[in-house]
Amino acid sequence: MGYADDHQWSQRHLSHYVEGDLSHRARRRLDRHARDCADCGRGLRALRALVYAIQGLDGLAGVRAPATIFDRVRPAAAGGPPAPQNA
Amino acid sequence: MTSSPRGDRAPEPEAANVATEASLLARAKAGDVDAFEQLSGAYADRLYMLLLRLLGDPEEAGEVAQEVMVRAWRGITRFQGRSSYFTWLYRIAVNEANRALGRRERRPPSVPLGPQEIDRPTSPNDDPARQAENNELRRALAAALAMLPPPLRTAIVLRDVEGFSTQQAAEIAGVSQAAFKSRLHQARLQVRAAIGDDVLVAGG
């Protein structure tokens, strides 16, 4: 398999690599290629950084649901209990 | 597998007591609204946060959260326990969020992932230049995520932001694991392209 094939294949599988979805053999193939390919090596670093940065977006921690979240349930329930399973 | 900056996350809130949840569920199915509110209330904050992340608009997220609860109430007798109640509720939320996104004109959410993370230093030990870089990355990320088509945004929010396993996230999104992974990889590639490797590598 040539460098060009490996490069195209690696580019398509960078995210799978970061996700840990590749087989041991496929992982080694990408490792081997990325050692010699600056583009794929950089792509791997960028994707790792991307996932890490997204995981760090935790600014909503501590946000509470509005107290009105169940406001429409009681009027709906006033029409009777939930429909039976086989209705 | 990458390690999370938050360490090991436990995506699904622990039910205080499985027996209590089963009992509340049985009562809710029999028409007890108090039991339904207690059962679903345990997950209300996380559900609202998910909607906020998907919709980016607190007011709309609040309205959709109400709709989710009404739909859950009306459909609770059809819940058969093949997934956890939490997963079932989240699936309704994702469907309703996608329905809401379909209703409105395509526009980027004004607050894609919450205002608090914008301009917030990642570490008090970072120097100002580093903080500025991180803030730039956060802004770019928020904008790129907001521009993703709903199915791709849902995938990245469930897996990378909410921290669900692929299996759970696929179940919530209502697609196979293979389809979910495909969406996730596509979403990451689009966000990567939108931000650019230079910014990512410098900020990572």
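Values in this document were obtained by computation on a predicted structure and should not be read as measured data. (Residues numbered from 1 in each chain as written. Chains lettered and ligands numbered in written order. Predicted model: local features only at pLDDT ≥ 70, side-chain atom pairs only at ≥ 80, totals over all residues.)

Caption draft 1: Up close: the overall build of chain B. Within chain B, the regular secondary structure consists of 10 helices and 0 strands. Each helix and strand of chain B, placed in order from N terminus to C terminus, yields the pattern α-α-α-α-α-α-α-α-α-α. With 204 residues in all, chain B has 41% of them scored as buried. In chain B, once contacts between residues fewer than 6 apart in sequence are set aside, the share between residues at least 24 apart is 68%. (Helix = DSSP H or I, 4+ residues; strand = E, 2+ residues; numbered from the N terminus. Buried ≥ 20, exposed ≤ 12 C-beta atoms within 10 Å, placed from the backbone. Contact = placed C-beta atoms within 7 Å.)

Caption draft 2: Main features of the overall build of chain A. Helix and strand counts for chain A come out as 4 helices and 0 strands. Across chain A, helices and strands are ordered from the amino to the carboxyl terminus as α-α-α-α. When the 87 residues of chain A are sorted by exposure, 29% land in the buried category. The long-range fraction of contacts in chain A, counting pairs at least 24 apart against all pairs at least 6 apart in sequence, stands at 53%.

Caption draft 3: Representation of the nonpolar core in the model. In this structure, L47(B), Y48(B), L51(B), A65(B) and I156(B) are the most contacted members of the largest nonpolar core, which totals 73 residues. When residues of this core are assigned to domains, at least three map to each of domain 1 (18-103) and domain 2 (115-203) of chain B. Setting aside its immediate chain neighbours within four residues, A65(B) contacts A65(A), I69(A), L47(B), Y48(B) and L51(B). (Core = buried A, V, L, I, M, F, W, Y, C linked by C-beta atoms within 7 Å. Domains from an automatic or database assignment.)

Caption draft 4: Main features of the domain arrangement of chain B. Residues and elements named next belong to chain B. Looking at the assigned domains, one finds that chain B contains domain 1 (18-103) and domain 2 (115-203). With 11 residues of domain 1 in contact, the opposing surface of domain 2 contributes 12 residues. Listing elements by their share of the side of domain 1 that touches domain 2, those giving two or more residues are α3 (44-55) and α5 (85-103). In terms of residue count, α5 provides more of the side of domain 1 that touches domain 2 than any other element does, 6 residues in total. Looking at the side of domain 1 that touches domain 2 residue by residue, the class counts come to 5 nonpolar, 4 polar and 2 charged. (Nonpolar A, V, L, I, M, F, W, Y, C, P; charged D, E, K, R; others polar.)

Caption draft 5: Main features of the packing of α3(B) against helix α4 (residues 58-75) of chain B. Residues and elements named next belong to chain B. The geometry of α3 relative to α4 is characterised by a closest axis approach of 9 Å and an angle of 130° between their N-to-C directions. Relative to α4, α3 is oriented oblique. Considering the relative orientation of α3 and α4, their crossing is right-handed. Counting all contacts with α3, which are made through L47, Y48, L51, L52 and L55, the residues of α4 involved are P58, E60, A61, V64, A65 and V68. Split by residue class, the contact of α3 with α4 holds 10 nonpolar, no polar and 1 charged. (Axes fitted to C-alpha atoms, helices over the stretch in contact; angles between N-to-C directions. Parallel < 35°, antiparallel > 145°, perpendicular 65-115°, else oblique. Left-handed = near helix turned anticlockwise from the far one by under 90°.)

Caption draft 6: Molecular detail of α5(B). Between its first and last C-alpha atoms α5(B) spans 27 Å; for 19 residues at 1.5 Å apiece the expected length is 27 Å, and the two agree. Buried residues of α5(B): Y85(B), F86(B), W88(B), L89(B), Y90(B), A93(B), V94(B), E96(B), A97(B) and L101(B), and no others. (Expected span 1.5 Å × (residues − 1).)

Caption draft 7: Expanded view of the confidence of the model for chain B. Residues and elements named next belong to chain B. Of all residues in chain B, 75% have pLDDT values of 70 or greater, and the mean over the chain is 82. Counted against residues more than four places away or in other chains, residues 1-11, with its pLDDT under 50, gives 18 contacts. This stretch, residues 114-122, has a pLDDT under 50; its non-local contacts, to residues over four places away or in other chains, come to 19 contacts. Both scores are available for the predicted complex, with the pTM at 0.78 and the ipTM at 0.78. (pLDDT = per-residue confidence, 0-100.)

Caption draft 8: Structural context of helix α7 (residues 150-161) of chain B. All names here are of chain B. For α7, the tally of buried residues reaches 10 of 12 residues, placing the bulk of the element in the interior. Within the sequence span of α7, burial applies to L152, R153, T154, A155, I156, V157, L158, R159, D160 and V161. Following α7 by one or two positions, G163 adopts a phi angle in the positive range, close to 80°.

Caption draft 9: Summary view of the environment of Y43(B). Summarising the element assignment, Y43(B) is placed in the loop between α2 (33-41) and α3. Counting along the chain gives 46 residues from Y43(B) to L89(B), while the straight-line C-alpha distance between them is 8.5 Å.

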